[in-house]
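Analysis of the macromolecular model
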Amino acid sequence: EKSVNIDEAWTMLKYEDTANFMENLARRARKRGVRLVISTQFPDEMISSPQGRATLNCCGTAIIMKQSPMSVDKVIDYFKLSKGTRDFLLKVQPGEALLYMEGNISAISVDVLEKEREMIKV
């Protein structure tokens, strides 16, 4: 299986050419069975851009982690989450998140295995 990973995807939205490239990549990847993994610490910038919204619309799964007070309402509106998720997204602890899959939403907790913990120690 092929995979394309874009870290800090919001930076690609700063320029029209790269924003259009990311949108085109998202549309083509899904059609061709390529997994596209997008990560960003600024989801409100993804949501505020037409290309960012189009890219997110091509993604069937989203993991929504802790949000800042400035972005939480935009995230709730975009993903059509209940207002009750606001407090959760503001107070979520490391390893906790909302899993959004094709419109279904679940709270999840991810535990790190001891072997993985050893690999990421600084």
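So, here's what we can say about the structure. All figures in this text were calculated on a predicted structure; none of them were measured in a lab.

A word on the overall build of the protein. A tally of helices and strands in the protein yields six helices and five strands. For the protein, the sequential pattern of α-helices and β-strands runs β-α-β-α-α-β-α-α-β-β-α. The principal-axis extents of the C-alpha atoms in the protein amount to approximately 40 × 35 × 30 Å. Across the 122 residues that make up the protein, the buried fraction comes to 33%. Across the protein, the fraction of contacts at a sequence separation of at least 24, relative to all contacts at a separation of at least 6, is 55%. For the protein, the computed accessible surface area is about 8,600 Å², with 53% contributed by carbon and sulfur atoms. Averaging the locations of the 18 positively and 17 negatively charged side chains of the protein gives two centres separated by 5 Å.

On to the environment of V112, then. The topology assignment puts V112 in the loop between β5 (104–109) and α6 (114–120). Distance in space between the C-alpha atoms of V112 and A54 is 32 Å, their sequence separation being 58 residues.

A surface patch of nonpolar side chains, about 330 Å² in accessible area, is lined by V112, M119 and I120. Checked against the element boundaries, M119 lands in helix α6.

All right, on to the pairing of strand β3 (residues 61–64) then. Every other side chain in a regular strand lies on the same face of the sheet, so the side chains alternate between the two faces. The alternating pattern of β3 places A62 and I64 on a buried face and T61 and I63 on a face that is not buried. Looking at chain direction, β3 and strand β4 (residues 96–101) are connected through four bridges and run antiparallel. What sits directly across from I64, in β4, is L98.

Moving on: the pairing of strand β1 (residues 3–6). By the bridge criterion, four bridges tie β1 to strand β2 (residues 35–38) in an arrangement that is parallel. Paired with S3 across the bridge in β2 is R35. At this point the chain moves from β1, through helix α1 (residues 16–31), to the parallel β2, and the crossover so formed is right-handed.

Below, the discussion takes up the side chain of T55. Its location among the elements puts T55 in helix α3 (residues 50–57). Beyond its immediate stretch of four places on either side in the chain, T55 contacts M22, E23, A26 and I38.

What follows is about the environment of V92. You can see V92 is positioned in the loop between α5 (85–91) and β4. Owing to a relative accessible area of 5%, V92 belongs among the buried residues under this scheme. Separated by 14 residues in the primary sequence, V92 and S106 have C-alpha atoms spaced 13 Å apart. Filtering out sequence-adjacent residues up to four positions away, V92 remains in contact with M65, K66 and A97.

Definitions and cut-offs
- Residues numbered from 1 in each chain as written.
- Predicted model: local features only at pLDDT ≥ 70, side-chain atom pairs only at ≥ 80, totals over all residues.
- Heavy atoms only, no water.
- Helix = DSSP H or I, 4+ residues; strand = E, 2+ residues; numbered from the N terminus.
- Buried < 20%, exposed > 50% of the residue type's maximum accessible area, 1.4 Å probe, protein only.
- Contact = heavy atoms within 4.5 Å.
- Areas by Shrake-Rupley, 256 points an atom, 1.4 Å probe, with all protein chains shown as cover.
- Lys, Arg positive; Asp, Glu negative; His and termini not counted.
- Charge placed at Lys NZ, Arg CZ, Asp CG, Glu CD.
- Patch = residues over 30% accessible without salt bridge, like charges linked within 9 Å, V, L, I, M, F, W, Y side chains within 5 Å.
- Salt bridge = Lys/Arg side-chain N within 4 Å of Asp/Glu carboxyl O.
- Pairing = 2+ DSSP bridges.
- Right-handed = clockwise from strand over helix to strand, strands pointing away.

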